[in-house]
Structures are given as C-alpha cells and as structure tokens.
Amino acid sequence: MKNIIEFLKKNIVPIMFIIICSICVPISGFSVTYMINEVMTRLTRNAFLILSLLIPIMAGMGLNFGMTLGAMAGEIAIVLVSDWQIWGIPAIVLACIFSIPISILLGLFCGKMLNMAKSREMVTSYIISFFMNGIYMLLMLYAMGPIIPIKHTSIKLPRGYGIRNTVSMLNNRQCIDNALAFSVGGVKIPVLTLLIIAAMCLFIIWFRKTKLGQDMRAVGQDMEVARSAGIDVEKTRIIAMVISTVMAGFGMVLYVQNLSSFSTYSSHSNVGMFAIAALLVGGASVDKASIGNVFLGVILFHTLFIVAPTVGTKITGDSMVGEYFRVFISYAVITIALIMYEIKKRQQKSNAGKLLAEAQNKEEQ
Amino acid sequence: MANNNAPLLEMKNIQKSFYGNQVLNDINITLNEGDVLGLCGENGAGKTTLMKILFGMEEIAETGGYGGEICFNGEKVDFKSPFDALNAGIGMVHQEFSLIPGFTATENILLNREPLKRNVISEVFGDRLNTLNYNEMTGRAENAIEKMGFKIDPKMVIADMPVGHKQFTEIARELSKENLRLLILDEPTAVLTESEADALLQSIKSMSERGVAVIFVTHRLEEIMTVCNKVVVMRDGLVVMDTRAEDTDVKKITKAMVGRDVESVDNKSVGTDETAETIMSIKNLWVDMPGETVRNVSLDVKKGEILGIGGLAGQGKLGVPNGIMGLYEAGGTVVFKGNEIPLNSPRKCLDSNIAFVSEDRRGVGLLLDETLEWNIAFPAMQIQNKFLKKLFGGLIKWRDEKAIKEVTDKYIDELQIKCTSSKQKAKELSGGNQQKICLAKSFALEPEFLFASEPTRGIDVGAKSLVLEALRKLNKEKGVTVVVISSELEELRGVCDRIAIVSGGEVAGILPASKSSEEFGQLMVSKVI
Ligand SMILES: Nc1ncnc2c1ncn2[C@@H]1O[C@H](COP(=O)(O)OP(=O)(O)OP(=O)(O)O)[C@@H](O)[C@H]1O
Ligand SMILES: [Mg+2]
C-alpha cells in the first residue's frame, strides 16, 4: 500500500495528465484511428527535438531552454536549402549537414555563457534564447538578401530582402515520413522517421556508457570533485551544450519536413517551449530524465493538444478557448514542474523525519 | 627505473613560509618502501603544509613555493600539480571527501581512470567516445577493495554509505592506482568509528606489506604506536624527533610534541547539583541526521552543570545538538527555561541565548575568507549587538574595533591559537587552530547555554586540556550550562559532571563522571542497532 502511494507521488505529473486525457478524449468524440494517426504524426514530429534535451540534464545543466538556438540553426539551414531549390531527401540531408556548423557555433557560445553562470543554467539559457532570438530576427529580416544572397521570391519578402513570415517546404513535404511508410488499419507508420528516432535513442543509450557520458554524469553531480579527479569540467559542459544544440538542429529539420512549412519568426520559440513541457509531462525532472519520459511525455502532451480545441469548443462553445488552453497548459506545466521539483526536494528531506516520528509513536503504544 | 638503493622518498631541507611567516624550517624526512611513517605534532606545527608540498598542491605555488629538494624514487622531482604527484605514484586522501554522491563505489574508485573499450566512433571523434569497460571496472575495484582489506560494497551508491565507508572508498581509489608507491593520509581516523579505525590501521599494515609506503598524520598517538615503524614529531616547523617506533612510546612522543609532560586532565567536578532547576528539557526528540539518527531522546539538563553526551559513532549523539539547533530535520519537544523552542529554526535558538560549536567546522563553522576578529566577534555583534558603539541614543551604531580586537586577543591567548595576528584570515590557520576559533566564537557570545560538539576534534594532546579548561572556566565563571558531545569518553570524564550515553538513537543511561569506564562501556553497546 505504501509502495503504491510512493509510486503515485513520484509520478504525479504523468498521472495527472493521464487522468485529464482520459476525460478529454471521450468528450472530443474523435475516432480511435484519428487519434492514433494524429499522435503518431506528432510523436515523429517532436520526439527528436525532445531527445535533444536529455544530454544537458545528464550533465547537470537542467532543462536546456537554449535548445531554441539549435532550432534556429535548423531554420536557417532550411531557408538556404529551399532557396537553392534542392528538393526531397537530399534537401533534408543537406539542411542537416548545413545546420551543424551553425549549431556548433551557437552551442559553443551558449556553453561558454553557462559556464560563467554555474548553478543558474536554466535562467541563463532562457535569457540567451531571447537574446539570440533578436540576432536571429535581425539576420532573417535584414541580412538575408543583401548579405546572404536569397534568390527565390517565394521565400523573400515582397520588399526585396528579408524572409517571409512563413517559409513553405511543400516540395519537400514529408519526404522522410513517406519513405518506406505503410499504413496499418488507416494509421500511417512513417518507418524511416521512426528508424531515425530509434537510432537517436540508441545513440543516447550508447553515449551514457562512453567515457564522455560518464564524465558528464560526474560533472552533473559534483563539479568540484570531478575537477579534482582531472576531468575538464568546463569543456565537458560545453560539449554537452554543443551536442544538444546540434541535435536540436536536426530535430528542427525533421519537424519542418513533417509540417512542410514553418513560421520564420516564432516556430523555434514554440518548439523549445513545447519540447520542455512535453518532457516534464512525461515525468522528467530538472535533474533526471530518461528516454521513457520523452515518449510518455510526447504522447500525453500531444493527445491533450489534439483534443483541447474541440473539447474547449464543446464545453464553452468558443474555439478560441481551446487554442488559448494549449499555450496556457504548456506554460503551466513548466511552472508547475519547476515548483514541484523544489517541493519534492524538500519533501524528501522531511520524509525521513516523518518515518522517525511514526516509529517513535509506535513504540510508545 | 632509477637507482634501487636510494630511499623511496627523501625530503631535504624543506622550507616554507607564508608571506614572511616561516612555518617549515629545514625539514628532512627519509622513507623506504613499505615504511609506515607516523607524523605528529601540535596544531599548526606544519604537518598538513608539508604534505601539501609533497603532493604538489597548487596552494603552495600560489603562496610563493617552497625551498629545499624532494627526491622520489631516486629522482629529483618538483610537482607542479597533484596530477604530477599522482603520475609519480603518490596518492593522498584528503580530509574532505571528494566523491561523486550518486555514483557507486566502483565508479568513484575509478573516477576518470575508467578502463575503456575502443570502437569505430571513437576512432573518428576521439578517445572520449570510447565506452566504459564495466567488467574490467568491477574487477579493478574489487581488487583495490581486497588490497585495502576492509570490505565495502562496490555496488553501493556513495550517498547511502556511512561516513566511514566513504573514507574507505577514497582509500580504495588511491590503492586502485597501479603505480601507487606512497600514500599520504592526513588525519583519516578523525571521522571513523573505533572499529573502522582499527580496520583502517589493519589495512595500512597490509599496504605496507605490499611495499606501499604510508605517511600517516594523526593526533591519536596510540594509533601511531600500533602501525608505524617510524615516528617523526614536528614542532614549530622543525623536526624534533625522528626515530624508529620501537624506540619510543606515547609519553615520549607527547613530550617531544609539546616540550613538556602532559598530565591527563583530572576532574575537578563537584558533581551535579540535583536540586538545581532544569534549564533544558528534551522530550521524545528525533533527528534525521544521516549517519547519526536520533530516534527517541528524552533528557533533562540542570542549570549550571556540564553534561556530557557520549556513545559510539553513528549511534546518534551528534544528532542531538544538530537537531535542537535546527541544522537537521527534527521533531519532539524541547523546553528551554520554561519556553518551548521551535525546532527547525536555528535563529530562534540563537535568539534564546543557546550557542553551538559544530563538529563540522568546514560546513557551518567558519567564514574562511574573513579575519579572525570578524569570525570571533561577528556572531556576538549580529545576535546580541555586542561590540557596537552607540551614538544619539542608538540611532547610529558603529563597530567598536578596539573591543573586538581585545576580545579576539583574549581568546588567542587563552586558547593559544597559533596565528600571525588577529587580522589573519581563518583559512590560513591549521585545522586544529580553526577548531579553536570555532570555540572562541561561541565563547564570545557568552551564551546561557552551550552545545560543544566534538570540541577537541583535530586538536593536539597538549592543547586538549587547554580547551577543556576553557570550557570549565566558562562554566564556573560565567555560569554557562555546557553540554559537551564527544566520542572520547576519557575527555568527557575529565570535564563533565554527568555523562549521558546515547546508544541506538536513545539515551541508554546517565551516570556521574566518576563511574568506571566499564559501566559506561556497557551502556554504550546496550542498544546498538
Ligand atoms: N594558506 C596559508 N596562508 C598563511 N598561513 C598558512 C596557510 N596555510 C597554513 N598556514 C600556517 O602554517 C602553519 C602550519 O599549518 P598546518 O596546516 O601545516 O598545521 P598542521 O600541523 O597540519 O596542524 P593541525 O594539526 O592543526 O592540522 C600554521 O601556523 C598556519 O597558520
Ligand atoms: Mg592539518
């Protein structure tokens, strides 16, 4: 009995979401096939991005709000590749390759900054993502065209320079999702994307067993001890950031390839926020996250996303409520998760005390 | 391999000064393979400094380097960092633990020296992407633990370990280094239980049988007599005695250390006044202090007495003051002078004029970067508005520098704190002298009630009686009720009126200090869990 309560307490966030989902899904009235199809789409669209968050957590750097930097790198690469009129899988591969140097640069920058702000990584990475967003906009609005040549008018703003609000990748639409895809009972299985995600998971599992992975875990738990054992703490942390940023870049390319268009000036921020929210919904915390958390999180969080507008409309008669609900949920989840993390830390401390008091009472009886 | 006839280690004419303060004068030490050298000396004699020089600690170079010559293995060496020393085959176990809490013993033992397996990816991206060889890791860790001779669980996570096992994990880490020739242990037994300390001595013996030389710094002289074959005694930066262990004994060592005979503290206690009012009444106290759990302690402290709390390590005696002072989660009731004091709020305790000397001086004791004056006077100023001059009826206050200096100098004198001036920084003092500062700090508070937890930890034989005398003086002259917590029964019997023995997290019994050691011994083991 006690174990059950323990289990419930530990997994309170996912359990809450399972309950909310199991209420909302029936209300929405969507068919099972539709739901599975939608969840599958969103799973393949987002999983890679969320996986990119795992390594910084392992290195003790918390939730990497700086993953938006990687997403920006991905977007820049896509814009360029689209402008060069390259299509299909080669375009995706090229965009990935092209995003790497940008991601590495951004990751280095972010890692260096975070090394200066140890133990305040999350706030710092959040602020960095804002700052970088400004530079990114500058680049997209003014540098694209005059400095970096952009030819294609479908991408350029009508005024002659800068990038349009939405960049369409219709020609590349789901080229990876469709490769090797088949459908079972009306549910499309995008085999290649799933394989890529599986490969990524294997990479992370393997990475944990490498020397670098072990060093990151050591650094994540106690920097001073790691340093005195001869581990280069700063470098290790920077590498963690770089890996995460590069992965987020790839993730963004996959994401856009699935959506077939993206809004130039806001997707990356949303993507970052939703990825972090989903990971937290999956039961991860600031200092501990597993691959299981990623998938559970994606499924729960996006199930709610899918049904929220309809349920909102059904209950209040206003579709905007559902839309509002989505964004609200994401922020709320992040906030709650951060607060719960603190509370849990404190509870763990006082729990042992409670046990002692109980033991005392028992003895007296 | 260098000259085989040369001794393993030769330190010649080692000199060291900190900003003009000469702390080591012409130290010469020679050590052969398998030697166990007992290094002892008064607080501030320079033992730790000497070891830091040998181990190439950066602190030494940062403060101006050292003079003299070190030959290791027949070659002249000059270590720029501990890593150079490690490579040469010197290991050191520091007083503070440097272990990763969430790693297992195995992972910690091989931290950053994990055996690796190459793979395709690491061929391209570099060695850090080699994977760990877990089988080999387990093998090596088990090997090191076996060498050590004290069984610890290689799969146990550090955070779940009792203090002693952490110390052993560190020792195993040094032993796992294949090329280890010399191991430095700086006061390793201070945190160990008696049986653990015995096991440590045992493993020092087995190391020496394998040809590893050991330098063993300790204030417990009997330990030196049990394991060492060489003894070096330092005083004021000089070697005053360097002999083989069989030619000396504890008494001679003590004499060499302090330059005079030290008589054991004799108790001048007049016994507790049973009719005195109860100043603090503790009921059903529990404290969740890792490794020192208190389960159910009820205890009355009489006004004006010196009460001792003794017991084996790990049985909860340290938890009692730490819980009452709010440093660890606690429950139960504590009534002080008729008012219940809320647990889990340190400030409330201080406000009600209760002071605490912590056994963990590194954690909560001192402001290491501040001067001695500041360390000693600050709490009194903060809490009691002492040492402040008032102007315009208290509207403007400023620090009374003169009074601060006076009180600091008084305690420097009384406790014989070894320092250059009252303006020296706390971190520049030797371990034992830092401990004295902690005591002075709470004396300056002139509290009504004082908890002194392990007040003589790390303090040399000569200065112990000084510290105890100071406690007694505080008790007699200022009427302070004192509770001394110590693992050394003899020390408690020397200074206390009554002694409560804590066993298994409960009070097993309270006896007057005059009762025999056997009676105390029986109480100590009566409820052990
Ligand atoms: N960083 C420093 N700056 C200035 N003086 C220092 C510094 N470190 C140590 N000292 C001084 O050197 C002397 C020797 O200190 P050391 O720590 O070697 O003593 P010790 O023999 O280890 O004493 P203990 O038994 O108390 O640990 C002390 O007087 C101390 O004040
Ligand atoms: Mg010392």
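Before reading further, recall that the structure is shown in the block above.
Residues numbered from 1 in each chain as written. Chains lettered and ligands numbered in written order. Predicted model: local features only at pLDDT ≥ 70, side-chain atom pairs only at ≥ 80, totals over all residues. Heavy atoms only, no water.

Draft legend 1. Focus on the packing of helix H3 (residues 32-51) of chain A against helix H14 (residues 291-316) of chain A. Residue and element names in this part refer to chain A. Contact geometry for H3 and H14: axes closest at 9 Å, N-to-C directions at 130°. Between H3 and H14, the angle is such that the two are oblique. Crossing of H3 over H14 shows right-handed handedness. Of the residues in H14, those touching H3 at Tyr34, Met35, Glu38, Val39, Arg42, Leu43, Asn46, Ala47, Ile50 and Leu51 are Ile291, Val294, Phe295, Val298, Ile299, His302, Thr303, Phe305, Ile306 and Val307. Taken together, the residues of the contact of H3 with H14 sort by class into 15 nonpolar, three polar and two charged. (Axes fitted to C-alpha atoms, helices over the stretch in contact; angles between N-to-C directions. Helix = DSSP H or I, 4+ residues; strand = E, 2+ residues; numbered from the N terminus. Parallel < 35°, antiparallel > 145°, perpendicular 65-115°, else oblique. Left-handed = near helix turned anticlockwise from the far one by under 90°. Contact = heavy atoms within 4.5 Å. Nonpolar A, V, L, I, M, F, W, Y, C, P; charged D, E, K, R; others polar.)

Draft legend 2. Inspection of the sheet that holds strand S1 (residues 9-18) of chain B at higher detail. Residue and element names in this part refer to chain B. Here we have four strands laid out as an open sheet, ordered S2-S1-S4-S5, and antiparallel in their pairing. Each edge of the open sheet carries a strand with a single partner, namely strand S2 (21-31) and strand S5 (75-77). Here the strands of the sheet are splayed against their neighbours by 30° on average, with no regard to which way each runs. When S1 meets S2, the two strands line up antiparallel, connected through seven bridges. Paired with Ser17 across the strands is Gln22, a residue of S2. Helix H1 (residues 47-54) rests against S1, S2 and strand S4 (67-72) of the sheet, and its axis sits at about 115° to S1. (Pairing = 2+ DSSP bridges.)

Draft legend 3. Main features of helix H10 (residues 250-258) of chain B. All names here are of chain B. Turning to H10, its buried residues are Ile253, Thr254, Ala256, Met257 and Val258. Buried residues along H10 sit against strand S3 (36-41), helix H9 (221-227), strand S11 (230-235), strand S12 (238-244) and helix H17 (461-478). Remark: Gly259 follows H10 within two positions and exhibits a positive phi of approximately 80°. (Buried < 20%, exposed > 50% of the residue type's maximum accessible area, 1.4 Å probe, protein only.)

Draft legend 4. Molecular detail of the sheet that holds S12(B). All names here are of chain B. Ordered by their spatial adjacency, six strands build an open sheet running S6-S9-S10-S3-S11-S12, and the pairing between neighbours is mixed. The open sheet has two edge strands with one neighbour each: strand S6 (90-93) and S12. Strand-to-strand twist across the sheet, computed as the mean angle between neighbouring axes with direction ignored, equals 15°. Relative to S11, S3 runs parallel, the two being bridged by five bridges. Residue pairing in the sheet places Leu37 in a bridge with Lys230 of S11. Relative to S6, helix H7 (residues 163-175) is tilted by about 175°, and along the sheet it contacts S6 and strand S9 (182-186).

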